[in-house]
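The residues making up each chain are set out below.
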Amino acid sequence: MSSNPVLLKHVTKRFGEVTAVDHLDLEITAGEFLVLLGPSGCGKTTLLRCIAGLEEPNEGEIIIGGTTVFSSNEAIFVPPGQRQVDMVFQSYALWPHMTTFENIAFGLKLKKLPRVQIRERVGQVLTDLGMEGLEKRYPFELSGGQQQRVALARLLATKPPVFLMDEPLSNLDARLRLDMRSELKRLHHDSGATTVYVTHDQTEALTMATRVVVMEEGLIQQVDSPPELYRKPANLFVAEFIGSPRVNLLPARPISDDQGKWLQVRDFRLPAAWLPEEEEIVAAVRPENVSLLPEATPGAVEFQVYAVLPAGPEVFVHVVRGDTTLVARSNPLLNLEMDQSIWIKIDPDAYNYYGKESGQLLSAAARGK
């Protein structure tokens, strides 16, 4: 199956006085699995619909496979059916009066393929997705997971160079979502098609994408691989949005003295490997970099256990000291009780620093990471 790159230049879409997508530039390489991630109302679905041709932008340019499908300057708007893309919707959008076979074959019939070829191609995708025997069932006779597979099968059968998916797993239960993530990742691997996937679920984004685009208020906040996005968020919005449980944020003042480098956080201080030049910062540290110690140790700070949240192979522990609350990812074998004293240590090199006013990542290169 072939794949096409997608290029977006200064794409803007407004609904009245609301700007859903704001002068957005993005290059999607052929064959990649790109996820548009962000909270509800950030513009991700609107952007996907602009690529599909279901929404016409107010400004900008969209190029798919080297062909301009939209240009505000040149008054070009190519209809959805001529863009060589196909889309899977959140609602699956299956025809209720058609069987599984007929739903999958619908796009092929529109292309006027021979009956023999249609039957062969539908049969192949049914086999690939493990749906043999469901050909004559109607959508109301299928489970949510089976309906999702029919929607994917319909897309696979038409073999478009670009797959567009709008939160296709949001209606499934947690276990089935996990299974379908695996299926979608394998589907992308086997097809090689350029895939643009919309979700508000960061776990979906981090587990499936080759690159993630984090959006907020119609703007791109960061474009990066999942590991880099988690390890080095570009700003405080991304830092807080990515990660479960959420990142710990500590307003701090950098201090250097004869004993070393420190972060002064309210009434306590923590050792640091390096410090930015700003007078006031926000230090961000992931829960897995917060160590819990049952006894006082040099360099550790005393807290109290506020809540213990077991989660199978790990446990999340909320600890407090005055107005400061931290979350630590800990070993479930550590026996803790509510309100007991606990001492915390943080890896001095595990911090990301952000400007208090700008919210932007500071001196990332200085860390040498």
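Everything that follows concerns the structure shown earlier in this document.
I will try to describe carefully the structure that is included in this document. (Residues numbered from 1 in each chain as written. Predicted model: local features only at pLDDT ≥ 70, side-chain atom pairs only at ≥ 80, totals over all residues. Heavy atoms only, no water.)

Further remarks concern the overall build of the chain. A count of helical and extended segments in the chain gives 8 helices and 21 strands. Taken over the C-alpha atoms alone, the chain extends approximately 80 × 50 × 35 Å along its principal axes. By residue count, 48% of the 369 residues in the chain fall in the buried class. Taking the intrachain contacts of the chain between residues at least 6 apart in sequence as the baseline, contacts between residues at least 24 apart amount to 64%. (Helix = DSSP H or I, 4+ residues; strand = E, 2+ residues; numbered from the N terminus. Buried < 20%, exposed > 50% of the residue type's maximum accessible area, 1.4 Å probe, protein only. Contact = heavy atoms within 4.5 Å.)

A few words on the environment of Glu56. If you trace the backbone, Glu56 turns up in the loop between α1 (44-52) and β4 (59-64). Residue classification places Glu56 among the partly exposed residues on the basis of a relative accessible area of 43%. Spatially, the C-alpha atoms of Glu56 and Thr12 are 9.4 Å apart, while their sequence positions differ by 44 residues. Excluding anything up to four places from it in sequence, Glu56 contacts Lys13, Phe70 and Phe77.

Since one α-helical turn is 3.6 residues long, residues separated by three or four positions face the same way. Inspection of helix α2 (residues 100-110) places Thr100, Phe101, Asn103, Ile104, Ala105, Gly107 and Leu108 among the buried residues, and these make up the whole buried set. Two residues or fewer after α2 comes Lys112, characterised by a positive phi angle close to 60°.

Neighbouring strands of a sheet are bound in pairs by backbone hydrogen bonds; such pairs are parallel or else antiparallel. The strand order β16-β20-β17-β18-β19 describes an open sheet built from 5 strands, whose pairing is antiparallel. Only two strands of the sheet have a single partner each, and these edge strands are β16 (290-293) and β19 (324-330). Put simply, the sheet's adjacent strands are angled 45° from each other on average, direction ignored. (Pairing = 2+ DSSP bridges. Axes fitted to C-alpha atoms, helices over the stretch in contact; angles between N-to-C directions.)

The next point concerns unusual backbone geometry. With an omega of 0°, the peptide bond between Ser244 and Pro245 qualifies as cis. By the element assignment, Pro245 lies in the loop between α8 (236-241) and β12 (248-257). Unusually for a residue other than glycine, Lys112 sits at a positive phi of about 60°. With a phi angle near 55°, Glu217 is a residue other than glycine that sits in the positive phi range. Mapped onto the secondary structure, Glu217 falls in the loop between β10 (211-216) and β11 (219-224).

The next point concerns the side chain of Thr99. Here Thr99 shows up in the loop between β7 (85-88) and α2. The buried category is assigned to Thr99, whose relative accessible area is 11%. Other than its neighbours up to four places away in sequence, Thr99 contacts Glu135, Lys136, Arg137 and Tyr138.

Right, let's get into the pairing of β16. Residues Val290 and Leu292 of β16 are buried on one face, while the alternating residues Ser291 and Leu293, pointing to the opposite face, are not. Two strands pair when backbone bridges link them, and β16 and strand β20 (residues 341-346) are joined in this way by 4 bridges, in the antiparallel orientation. Residue Leu292 lies in a different strand from β20, and its bridge partner there is Ile344.

Glancing now at the nonpolar core. Within soluble globular proteins, side chains that are nonpolar generally end up buried alongside one another. Ranked by size, the top nonpolar core spans 44 residues in total, and within it Leu37, Ile104, Val122, Leu152, Met165, Leu184 and Tyr197 carry the most contacts. With 7 residues, helix α4 (residues 144-158) is the single largest residue contributor to this core. Once residues lying within four places of it in the same chain are set aside, the contact partners of Val122 are Phe101, Ile104, Ala105 and Leu108. Counting residues in hydrophobic clusters, the runner-up holds 30 residues, among them Leu270, Ile281, Ala283 and Ile344. (Core = buried A, V, L, I, M, F, W, Y, C linked by side-chain atoms within 4.5 Å.)

What the 6 strands build is an open sheet, ordered β7-β8-β9-β3-β10-β11; its pairing is mixed. Pairing within the sheet leaves two strands with one partner each, and these edge strands are β7 and β11. Within the sheet, the average angular offset between the axes of one strand and its neighbour, ignoring direction, is 20°. Examined bridge by bridge, β7 and strand β8 (residues 162-166) share 4 bridges and lie parallel to one another.

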